[in-house]
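Examining the three-dimensional arrangement
One-letter residues, chain by chain:
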Amino acid sequence: MTRRIRFNAFAMNCVAHQSPGLWRHPEDQSSRYTDLRYWTELAKLLERGRFDGLFLADVLGTYDVYGGNHDAALRQGAQVPVSDPLLLASAMAAVTEHLGFGITAGTAFEHPYPFARRLSTLDHLTNGRIGWNVVTGYLPSAARNMGEDDQLQHDDRYDHADEYLEVLYKLWETSWEDDAVVRDRTTGVYTDPSKVHPIEHEGKHFTVPGIHISEPSPQRTPVIFQAGASPRGVRFAAENAEAIFVGAPTKAILKDTVARIRNELTKVGRDPYSARIYTLLTIITDRTPELAQAKLEDYRSYASSEGALVFTSGWMGIDLSGYRADEPIGNVESNAIQSAVASFRQADEKGGEWTVGDIAEWAGIGGLGPIVVGSGAEVADELQEWVAETDVDGFNLAYAVTPGTFEDIVEHVIPELTRRGAYQSDYEAGTLRNKLFGRGDRLPLEHRGRSFDRIRTAG
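These figures come from a predicted structure and were not determined experimentally.

Rules used throughout
Residues numbered from 1 in each chain as written. Predicted model: local features only at pLDDT ≥ 70, side-chain atom pairs only at ≥ 80, totals over all residues. Heavy atoms only, no water. Helix = DSSP H or I, 4+ residues; strand = E, 2+ residues; numbered from the N terminus. Polar contact = N/O pair within 3.5 Å; in protein donor to acceptor, adjacent residues only side chain to side chain. Contact = heavy atoms within 4.5 Å. Axes fitted to C-alpha atoms, helices over the stretch in contact; angles between N-to-C directions. Parallel < 35°, antiparallel > 145°, perpendicular 65-115°, else oblique. Left-handed = near helix turned anticlockwise from the far one by under 90°. Nonpolar A, V, L, I, M, F, W, Y, C, P; charged D, E, K, R; others polar. Phe/Tyr/Trp six-rings, centres within 6.5 Å; stacked < 30°, edge-to-face > 60°. Buried < 20%, exposed > 50% of the residue type's maximum accessible area, 1.4 Å probe, protein only. Lys NZ or Arg CZ within 6 Å of the ring centre and 35° of its normal. Expected span 1.5 Å × (residues − 1). Salt bridge = Lys/Arg side-chain N within 4 Å of Asp/Glu carboxyl O. Core = buried A, V, L, I, M, F, W, Y, C linked by side-chain atoms within 4.5 Å. Patch = residues over 30% accessible without salt bridge, like charges linked within 9 Å, V, L, I, M, F, W, Y side chains within 5 Å. Areas by Shrake-Rupley, 256 points an atom, 1.4 Å probe, with all protein chains shown as cover. Lys, Arg positive; Asp, Glu negative; His and termini not counted. Charge placed at Lys NZ, Arg CZ, Asp CG, Glu CD.

Attention shifts here to the side chain of Arg-220. Here Arg-220 shows up in the loop between strand 8 (207-208) and strand 9 (223-226). A polar contact of 3.0 Å, which involves the side chain of Arg-220, links it to the backbone oxygen of Trp-172. Leaving out residues up to four positions away in the same chain, Arg-220 has contacts with Asp-123, Trp-172, Glu-173, Trp-176, Glu-177, Asp-178 and Arg-442.

Once that is clear, we can look at the packing of helix 1 (residues 36-48) against helix 14 (residues 404-419). It is the contact of helix 1 with helix 14, at a shortest axis distance of 10 Å, that shows an interaxial angle of 20°. Relative to helix 14, helix 1 is oriented roughly parallel. Note on packing geometry: the crossing formed by helix 1 with helix 14 is left-handed. The residues of helix 14 that touch helix 1, namely those facing Leu-42, Leu-45 and Leu-46, are Phe-406, Glu-407 and Val-410. In the contact of helix 1 with helix 14, the residues fall into five nonpolar, no polar and one charged.

The next thing to look at is the packing of aromatic side chains. The tally for this structure, following the rule as stated, stands at 20 aromatic pairs. For the pair Phe-7 and Phe-51, a centre-to-centre distance of 5.6 Å together with 45° between the ring planes defines the contact as tilted. Taken together, the residues span a long stretch of sequence, with Phe-7 in strand 1 (residues 6-12) and Phe-51 in the loop between helix 1 and strand 2 (53-57) at a distance of 44 residues. Seen from their ring centres, Phe-55 and Phe-225 are 6.1 Å apart, and the 45° between their planes marks the pair as tilted. With Phe-55 in strand 2 and Phe-225 in strand 9, this residue pair connects regions lying 170 residues apart in the sequence. Owing to a relative accessible area of 4%, Phe-55 belongs among the buried residues under this scheme. For Phe-225, a relative accessible area of 4% translates into the label buried. One aromatic cluster is present, formed by Phe-7, Phe-51, Phe-395, Tyr-399, Phe-406 and Tyr-423 through successive ring pairs. Taking NZ or CZ as reference, Arg-439 lies 3.8 Å from the ring centre of Phe-437, over its face.

So, about helix 10 (residues 305-316). In this model, helix 10 (twelve residues) spans 16 Å end to end at C-alpha, consistent with the 16 Å of a helix rising 1.5 Å per residue. Burial analysis of helix 10 places ten of its twelve residues in the buried class, the great majority of the element. For helix 10, the complete set of buried residues consists of Gly-307, Ala-308, Leu-309, Val-310, Phe-311, Thr-312, Ser-313, Gly-314, Trp-315 and Met-316. Following helix 10 by one or two positions, Gly-317 adopts a phi angle in the positive range, close to 75°.

Applying the stated criterion across every chain, the model contains 34 salt bridges. Ionic pairing is found between Asp-179 and Lys-195, a salt bridge with its closest N-O pair at 2.7 Å. Of this pair, Asp-179 sits in the loop between helix 6 (154-174) and strand 5 (181-184) while Lys-195 sits in the loop between strand 6 (189-191) and strand 7 (201-202), and the two are 16 residues apart along the sequence. Residue classification places Asp-179 among the partly exposed positions, given a relative accessible area of 40%. One continuous salt-bridge network, built from bridges that share partners, spans Glu-173, Asp-178, Arg-220, Arg-442 and Arg-450.

What follows concerns unusual backbone geometry. For the bond from Val-80 to Pro-81, the omega torsion is 5°, close enough to zero to count as cis. The residue after Thr-402, namely Pro-403, is reached through a cis peptide bond having omega 5°. Within the secondary structure, Pro-403 is located in the loop between strand 13 (394-398) and helix 14. Positive phi, normally seen in glycine, also occurs at Arg-183, with a value near 50°. Along the chain, Arg-183 turns up in strand 5. The class for Arg-183 is partly exposed, based on a relative accessible area of 48%. With phi around 60°, Arg-220 is a residue other than glycine that occupies positive phi space.

Grouped together as the largest cluster of nonpolar side chains are 82 residues, with contacts concentrated most on Phe-7, Phe-51, Leu-54 and Trp-132. With nine residues, the top contributor of residues to this core is helix 6. By size, the runner-up hydrophobic cluster in this structure holds 33 residues, among which are Ala-72, Val-80, Phe-225 and Ile-359.

A cluster of acidic side chains, namely Glu-27, Asp-298, Glu-407 and Glu-411, defines a negative patch on the protein surface. Within the element layout of this structure, Glu-27 appears in the loop between strand 1 and helix 1.

Right, dumping it as structure tokens:
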């Protein structure tokens, strides 16, 4: 049987997301990010292409590792200025029926109690199409602006996030019984108080004694997205995530990463395919291979090496401004994204080590993910090879220019994949969770989040 390939669109409420410098391209519309019509038009385009969802990244600080300040990030528009992604979802949901929305929000600086209500609200307003991308934070600038000297150490951030999610699961899954809201006009009772329960959470980081103040939304818990690839991050993802985002420059590295995640899912008692795994990738396509290649060269002429190094310095926790272009990155231990460092160490299949110049060229379009170039048929061939060789479920698609990159995919690639039976011909009904898995709206019983519900019921 031909395996179905899944797509997410990867974007951010800013100008330069993963392809610094491309905002200057005459066809790029990313500078319209403050215009709500830009986002509603993009949502309708992605739904026409039957994408699983729009995955919106976010940061709460500036990329100021490069050069020791934020000047280069500001010059390049490198994820600054940036606006809140959560406020986009309800407007995009109003013009679509099926498209999901994966919203990035961190666990470091907002208390889980008000955050629980915000996500429940969005899940109600989107009729169950919300996912939450759980991030623990990595930019020191965000920590400083919240009154801290730096982010917590890498593994400590995940320990903190474990309790953060415990609070959320208790609020979302255990506080309100399914039939708590009765809306009885005769008796005048809206909610049966006996069926709403305080969560009585007392932990190392949080004390939350009371009830969730929102009634259960269609999914209760939004679909949990996660992108950690370090050993601690993979364990956290295996315990919590339903959609896992990874990045790998080669198929060999991706195959190992996917196998490691599937194995970790098994270790925590979940089915190894109970989470969808998407890998970062950028597609450049057109009617012919020649036109696609010409398009790539055109895009490269706008790419910014400085912007690429601003991003990679932040991702890796290393100030690359002090390195020569021909200098190897060396062995690096970082408090930022450890998987970024590890990927570059392994990326040269001949055993060589990447230089700073190699990094700048690679990350100029699409961030740390690879680029697939060709006609619709050629791209479809390549994507099917990636899936067959790595066991990945789908692709988190970055753009070179927006919305043009997504328009090209919808026009040239998706019809070819659909013709081959390798892409969904229509959406599943119901919530985002049901569309992804066809197993209903709730977290499955074996998921960590449902364990708190079982404990309350047993008590």
